[in-house]
Amino acid sequence: MSELRVRACTEDGGALLGYSNMAAYRLEQGEDAFRKLFRLYKSRNPPADLSGVIDFSQGHPKVQSKKLGLGLLNDQDASRAGLQPLRQWKVYSLDGYPGFLFISNPFLPGWQHHWVGQCLKFYPRKPNVCNLDLHMTLEQTSDLWGSSQEQLRSKSAEKRNKKSVLEKLRWVTLGYHYNWDTKTYNSDLLSPFPLDLAELSRCVSAACGFHNFKPEAGILNYYHLDSSLGIHVDESELDHQSPLLSFSFGQSCIFLLGGLNREHMPTPMMMHSGDIMVMSGQSRLLYHAVPRILPFPGGDMLPPCLSVPPATETSDPPLIEPCSTLDWEVCAQYLRRSRINMTVRQVLQEGCSFPQVENLSQLTEADSYHHYDGEEMGREGHDGKDVLTKRMKMTEDC
């Protein structure tokens, strides 16, 4: 099959992204250009050429280094949240995307362990909401970590094992809980936002110049190698002036950042473990997606930044409980074929409240933007339709 040049016609004039041998996809600017590129990078047979995907750590003509004001975040606050001193951060902007910042793994050595532990052990606990609540009992979902850790610890890479409950986790919502059916937030769907994640978010937002950012809602996505995140815009928040923060842990992914409509060809970029993205200003309401999770070369391995053990002693009391060696064994086993992403948002503008709406306390999964290739989730122990298959079908044409 002959190679085709893939040209990304972005708002700032267009730039050559790379090549693909996928002759079925002739990518020119036009209707639904985003979806065409999404399908290209999602393809496994044949796999897409990744030479045109921006890797911020390796430089690119569209990538510019950016200096943050050193007085915006003091070293003590950064250290308590597991972050390096601000002067050591590697921050980048992207031509054509005002308000978009990419921070290349600013975490202190070993501190990703602690945040992964929070995402797997603590954040899925009640009163937070997760996808498993739709077809499992409260007793079954009350302690996903406790019911899965031994199964994960003993999992063998050489044979196909039955999935643990924790591996069936797809999303968790924090603070104001996003309603997947109505695509809204509501004052009736609220639980306390985790104080540790709020402080981490405030540190990052302050470092980027957003001192009044209030972390009010979080959506945690749990990906496996067959997962993707469909094309969407995060516009349900009533406040669009504050940034959206995105934290990535585990395996890498391709992230597509587009324009204000799907006719604009998106820019593909890599997100690695520890990387943080900040979408603000004109980039706050851009279409984006994750078409592909990329395993670390070598198979069933963790990125090097996750192999560094955390420091045993710190000068200041840590913000969160350190992830123990035994707990990390479980986390590491999980991350060998998975990725976790935390997005944090401010929902309400300062001094504003929700408009009057009907009671939306009924949690449903009628619509979302998650895709799972060959996913068995929801079929075991569930007599109704596979809600995630339904979700995937509804978003296949996004």
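Quick caveat, the model's predicted, so the values are computed rather than measured.

**Let's talk about the packing of aromatic side chains**
Stage number 1. By the definition in use, this model includes 8 aromatic pairs.
Stage number 2. Arranged with centres 3.9 Å apart and planes meeting at 10 degrees, the rings of F56 and F102 form a pair that is stacked. Separated by 46 residues along the polypeptide, F56 in the loop between α1 (33-42) and β3 (63-66) and F102 in strand β5 (residues 100-103) bring together distant segments of the chain.
Stage number 3. Of the aromatic side chains, those joined through ring pairs into one cluster are F56, Y92, F100 and F102.

**Some details on the nonpolar core**
Stage number 1. In this structure, W89, L200, V204 and F247 are the most contacted members of the largest nonpolar core, which totals 56 residues.
Stage number 2. Excluding residues that lie within four positions of it along the chain, W89 makes contacts with L68, L73, L83, Q84, I103, P106, V204 and A207.
Stage number 3. Listed in part, the 22 residues of the second largest apolar core include L94, Y223, L225 and L286.

**Quick notes on the pairing of strand β9 (residues 227-232)**
Stage number 1. Most of β9 is tucked away: 6 of the 6 residues are buried.
Stage number 2. Summarising the sheet, β9 and strand β14 (residues 288-294) pair through 2 bridges and their orientation is antiparallel. Across the sheet, the residue bridging to L229 is V290, located in β14.

**A look at the sheet that holds β5**
Stage number 1. As summarised here, the arrangement of the 9 strands in space is β3-β4-β5-β13-β10-β15-β8-β7-β6, forming an open sheet in which the pairing is antiparallel. Whereas interior strands pair on both sides, the edge strands pair on one side only; in this sheet they are β3 and β6 (129-130).
Stage number 2. Relative to strand β13 (residues 276-279), strand β10 (residues 244-250) runs antiparallel, the two being bridged by 4 bridges. The residue bridging L244 from the neighbouring strand is M279, located in β13.
Stage number 3. Lying over the sheet, helix α6 (residues 195-207) contacts β5, β7 (171-175), β10, β13 and β15 (338-345), oriented at roughly 115 degrees with respect to β10.

**Some remarks on the environment of V290**
Stage number 1. Within the fold, V290 resides in strand β14.
Stage number 2. In this structure, V290 is in contact with F38, Y223, S228, L229, C253, I254, F255 and R339, ignoring residues within four places of it in sequence.

**Topic: the side chain of H288**
Stage number 1. One can find H288 in strand β14.
Stage number 2. At 2.8 Å, the side chain of H288 and the side chain of D234 are in polar contact.
Stage number 3. If we ignore the near neighbours within four places in the chain, the residues touching H288 are F34, G230, I231, H232, V233, D234, F255, L256, L257 and M279.

**Some thoughts on the UniProt feature "binding site: Fe cation" (unreviewed entry) in the chain**
Stage number 1. Sites flagged by UniProt as "binding site: Fe cation" (unreviewed entry) map to H232, D234 and H288. Their sequence span is 57 residues, while the largest C-alpha to C-alpha distance among them is just 8.9 Å; these annotated residues converge on one region. Of the residues named above, H232, D234 and H288 line the largest cavity.
Stage number 2. Mapped onto the elements of the fold, D234 is located in the loop between β9 and β10.

**Observations regarding the pattern of salt bridges**
Pairs can form between side chains of opposite charge once their charged atoms are near each other.
Stage number 1. Enumeration over the complete set of coordinates arrives at 10 salt bridges.
Stage number 2. Note that D75 and R87 form a salt bridge whose closest N and O atoms lie 3.0 Å from each other. You can see D75 sitting in helix α2 (residues 75-80) and its partner R87 sitting in the loop between α2 and β4 (91-94), a full 12 residues away along the chain.
Stage number 3. Judged by relative accessible area, R87 falls into the exposed class, the value being 54%.
Stage number 4. For R345, the salt bridge goes to E237, with nearest N and O atoms at 2.7 Å. Placement of R345 in strand β15 and of E237 in the loop between β9 and β10 is noted, with a sequence separation of 108 residues between them. With respect to burial, R345 and E237 carry one shared label: buried.

**A short note on the environment of H240**
Stage number 1. Assignment of secondary structure puts H240 in the loop between β9 and β10.
Stage number 2. Sequence separation between H240 and Q349 is 109 residues, and the spatial gap between their C-alpha atoms is 8.3 Å.
Stage number 3. Once residues within four sequence positions are removed from consideration, H240 is found in contact with E235, R284 and L285.
Stage number 4. From its side chain, H240 meets the backbone oxygen of E235 in a polar contact 3.0 Å long.
Stage number 5. A distance of 2.8 Å separates the side chain of H240 from the backbone oxygen of E237, its partner in a polar contact.

**Concerning the side chain of T267**
Stage number 1. Mapping T267 onto the fold places it in strand β12 (residues 267-271).
Stage number 2. With a relative accessible area of 1%, T267 lands in the buried category.
Stage number 3. Only 3.4 Å separates the side chain of T267 from the side chain of K62, close enough to count as a polar contact.

Here is what the cut-offs are and how they apply
- Residues numbered from 1 in each chain as written.
- Predicted model: local features only at pLDDT ≥ 70, side-chain atom pairs only at ≥ 80, totals over all residues.
- Heavy atoms only, no water.
- Phe/Tyr/Trp six-rings, centres within 6.5 Å; stacked < 30°, edge-to-face > 60°.
- Helix = DSSP H or I, 4+ residues; strand = E, 2+ residues; numbered from the N terminus.
- Core = buried A, V, L, I, M, F, W, Y, C linked by side-chain atoms within 4.5 Å.
- Buried < 20%, exposed > 50% of the residue type's maximum accessible area, 1.4 Å probe, protein only.
- Contact = heavy atoms within 4.5 Å.
- Pairing = 2+ DSSP bridges.
- Axes fitted to C-alpha atoms, helices over the stretch in contact; angles between N-to-C directions.
- Polar contact = N/O pair within 3.5 Å; in protein donor to acceptor, adjacent residues only side chain to side chain.
- UniProt positions renumbered as here; feature names shortened; annotations may be inferred.
- 1 Å grid on protein atoms, 1.4 Å probe; cavity = no way out; pocket = protein on both sides within 12 Å on 5 of 7 lines; lining within 4 Å.
- Salt bridge = Lys/Arg side-chain N within 4 Å of Asp/Glu carboxyl O.

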